[in-house]
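What follows is each chain in one-letter form.
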Amino acid sequence: MTDMPTFEQRLARARFRAWHRGTREADYMIGGFFDRYSAGWGSSEMDWFEDLLAEDDVDVMAWALKTQPVPERFQGALIEKMQALDYVDIPR
């Protein structure tokens, strides 16, 4: 039987996955969201984010940009923070 990862290990894995999505736009949106908000997360927020990371980038970005409806399981305060997009800092 394998050991369950610690919360810190989950955070580290989620940060890596958030910043290595495959496109620069998704990296900035999802990685930037993680960097801005993850410090205050508990287990339920991590569960939500890990589930979000399993979704296609195109879908996540459409939900964040409000071009497609957000599935019920992702609705709530976290997606609303993501939709604000005030955390995206695009270097030049």
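Residues numbered from 1 in each chain as written. Predicted model: local features only at pLDDT ≥ 70, side-chain atom pairs only at ≥ 80, totals over all residues. Heavy atoms only, no water.

K.L.:
Can you walk me through the packing of helix α1 (residues 7-19) against helix α2 (residues 24-37) in this structure?
P.N.:
When two helices pack together, their arrangement is given by the angle between the helix axes and by the axis-to-axis distance. Closest axis-to-axis distance for the α1/α2 pair is 7 Å, and the angle between their directions is 155°. Relative to α2, the element α1 lies roughly antiparallel. Contact residues: α1 offers Leu-11, Ala-14, Arg-15, Ala-18 and Trp-19, while α2 offers Ala-26, Asp-27, Tyr-28, Ile-30, Gly-31, Gly-32, Phe-34 and Asp-35. In terms of residue class, the contact of α1 with α2 is made up of eight nonpolar, two polar and three charged. (Axes fitted to C-alpha atoms, helices over the stretch in contact; angles between N-to-C directions. Helix = DSSP H or I, 4+ residues; strand = E, 2+ residues; numbered from the N terminus. Parallel < 35°, antiparallel > 145°, perpendicular 65-115°, else oblique. Contact = heavy atoms within 4.5 Å. Nonpolar A, V, L, I, M, F, W, Y, C, P; charged D, E, K, R; others polar.)

K.L.:
Looking at this structure, I do not really get the side chain of Asp-27. What am I missing?
P.N.:
Tracing the chain through its elements places Asp-27 in helix α2. When neighbours within four sequence positions are excluded, Asp-27 is seen to be in contact with Ala-18, Trp-19, His-20, Arg-21, Gly-22 and Gly-32.

K.L.:
Got a minute to help me understand the side chain of Arg-10 in this structure?
P.N.:
By secondary structure assignment, the location of Arg-10 is in helix α1. Not counting residues up to four positions away in its chain, the partners in contact with Arg-10 are Pro-5, Ser-43, Met-46, Asp-47 and Glu-50.

K.L.:
Quick question: what am I supposed to make of α2 here?
P.N.:
Relative to the 20 Å expected for 14 residues at 1.5 Å per residue, α2 spans 20 Å between its end C-alpha atoms, a close match to the ideal helical length. Within α2, 10 of the 14 residues are buried, which leaves the element mostly enclosed by the surrounding structure. Inspection of α2 places Ala-26, Asp-27, Tyr-28, Met-29, Ile-30, Gly-31, Gly-32, Phe-33, Phe-34 and Tyr-37 among the buried residues, and these make up the whole buried set. Buried residues in α2 make contact with α1, α3 (43-53), α4 (57-64) and α5 (77-84). (Expected span 1.5 Å × (residues − 1). Buried < 20%, exposed > 50% of the residue type's maximum accessible area, 1.4 Å probe, protein only.)

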